Amino acid sequence: MSPGGHLVTTAAACGLVYAGTGSAALTAGLLAGGFLIDIDHVFDYIIFERQRDLRPSAFLRYYLEGKVRRVVLPLHSYELLALLIVLARAGNWDWLWGYVLGMALHLPLDIVFNGRLVPGGLVHFYSFAVRARAGFRAERFADPRRLAPLTENFWIVFFRGSRLKNPGAKADRQPAVAPLSTASHGSAPR
Ligand SMILES: [Zn+2]
């Protein structure tokens, strides 16, 4: 999903949760898990992609136009979600339950909306182990050639996200690149 889409859905969820519980800790955790989780793209961008153009617009286009080559994305992982659920149950910390709730909102939205751009979908992509087995190579999950260049201003790109060059290709069930094992992100999944 686009960063703007996550911002809107997370803000709505935070409003509902705060209105229903009055818990600032739960709400702050939800904000982190639902929106700030995408900070791991910045981590990948600087550490693994070795990009030095830190303008927000350059960073945004790098991802949304599918230029990314490495998809480590430690925070976008089912394994981490499972671990955090265990820890939240053990410690019963509201802020951590909030983070878990935010992640449980964020990941399905990424799967559905980013997965529409990739033949075969992206359910498997959000497993850290699956990405690790692929050497964290974005090309193993999606074909960036399918994505359109984004020439609109920052905020339109922020809210709209990636686009296919040929929207009709959404119906194409044949992966443009060999999928990993039986399953097939890249625009690199966000
Ligand atoms: Zn994401």
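Rules behind the numbers
Residues numbered from 1 in each chain as written. Predicted model: local features only at pLDDT ≥ 70, side-chain atom pairs only at ≥ 80, totals over all residues. Helix = DSSP H or I, 4+ residues; strand = E, 2+ residues; numbered from the N terminus. Buried ≥ 20, exposed ≤ 12 C-beta atoms within 10 Å, placed from the backbone. Axes fitted to C-alpha atoms, helices over the stretch in contact; angles between N-to-C directions. Left-handed = near helix turned anticlockwise from the far one by under 90°. Contact = placed C-beta atoms within 7 Å. Arc of directions from axis to C-beta. Core = buried A, V, L, I, M, F, W, Y, C linked by C-beta atoms within 7 Å. Nonpolar A, V, L, I, M, F, W, Y, C, P; charged D, E, K, R; others polar. Expected span 1.5 Å × (residues − 1).

**A short note on the overall build of the protein**
Looking only at helices and strands, the protein features 8 helices and 0 strands. Order of helices (α) and strands (β) in the protein, N terminus to C terminus: α-α-α-α-α-α-α-α. Per-residue burial for the protein yields a buried fraction of 33% across its 190 residues.

**Concerning the packing of helix 2 (residues 24-34) against helix 6 (residues 94-115)**
Here helix 2 crosses helix 6 at 35°, and the two axes come no closer than 6 Å. Judged by the sense of rotation from one axis to the other, the crossing of helix 2 with helix 6 is right-handed. Between helix 2 and helix 6, the residues in contact are Ala-25, Leu-26, Thr-27, Ala-28, Gly-29, Leu-30, Leu-31, Ala-32, Gly-33 and Gly-34 and Asp-94, Trp-95, Leu-96, Trp-97, Gly-98, Tyr-99, Val-100, Leu-101, Gly-102, Met-103, Leu-105 and His-106, respectively.

**Looking at helix 3 (residues 39-48)**
Along helix 3, the positions that sit buried rather than exposed are His-41, Asp-44 and Tyr-45. For helix 3, the angular spread of the buried residues around the axis is 100°, confining them to a single face. Of the exposed residues in helix 3, the ones pointing more than 90 degrees away from its buried face are Ile-39 and Ile-47. Looking at the buried residues of helix 3, the elements they touch are helix 4 (56-64). Of the residues one or two after helix 3, Arg-50 is the one with positive phi, at around 55°.

**Some details on unusual backbone geometry**
In this model, Arg-50 sits at a positive phi of 55°, which is unusual for a non-glycine residue. With respect to the helices and strands, the residue Arg-50 is situated in the loop between helix 3 and helix 4. With a phi close to 60°, Phe-136 is a non-glycine residue in the positive phi region. Looking at the secondary structure, you find Phe-136 in the loop between helix 7 (128-133) and helix 8 (154-160). Looking at Phe-136, the number of C-beta atoms within 10 Å reads 17, which means it is partly exposed.

**Examining the nonpolar core**
A general trend in soluble globular proteins is that nonpolar side chains are found buried together. Membership of the largest hydrophobic core comes to 28 residues, with the highest contact counts inside it found for Leu-30, Val-71, Val-100, Met-103, Val-118, Ala-138 and Phe-141. Breaking this core down by element, the ones donating at least two residues are helix 1 (3-21), helix 2, helix 4 and helix 6. The element contributing the most residues to this core is helix 6, with 6 residues. Non-local contacts of Met-103, meaning those with residues more than four positions away in its chain, are made with Gly-33, Ile-37 and Leu-81.

**A closer look at the environment of Leu-101**
In this fold, Leu-101 is placed in helix 6. Sequence spacing of Leu-101 and Gly-33 is 68 residues, and the spatial spacing of their C-alpha atoms is 7.0 Å. With near-sequence residues (within four places) excluded, Leu-101 lies in contact with Leu-30 and Gly-33.

**Comments concerning the environment of Leu-16**
Mapped onto the secondary structure, Leu-16 falls in helix 1. A C-alpha to C-alpha distance of 9.2 Å links Leu-16 and Thr-27, two positions 11 residues apart in sequence.

**Some points on the packing of helix 1 against helix 6**
The geometry of helix 1 relative to helix 6 is characterised by a closest axis approach of 11 Å and an angle of 145° between their N-to-C directions. Like other packed secondary-structure pairs, helix 1 and helix 6 cross with a definite hand, here right-handed. Contact with helix 1, carried on its side by Gly-5, His-6, Thr-9, Thr-10 and Ala-13, involves Gly-102, Leu-105, His-106, Leu-109 and Phe-113 of helix 6 and no other residues of that element. For the contact of helix 1 with helix 6, the per-class residue count stands at 4 nonpolar, 6 polar and no charged.

**Quick look at helix 6**
For helix 6, spanning 22 residues, the distance from its first C-alpha to its last is 31 Å, which sits close to the expected 32 Å at 1.5 Å a residue. Looking at helix 6, one finds that the buried residues are Leu-96, Trp-97, Gly-98, Tyr-99, Val-100, Gly-102, Met-103, His-106, Leu-107, Asp-110, Asn-114 and Gly-115. Elements in contact with the buried residues of helix 6: helix 1, helix 2 and helix 5 (78-91).

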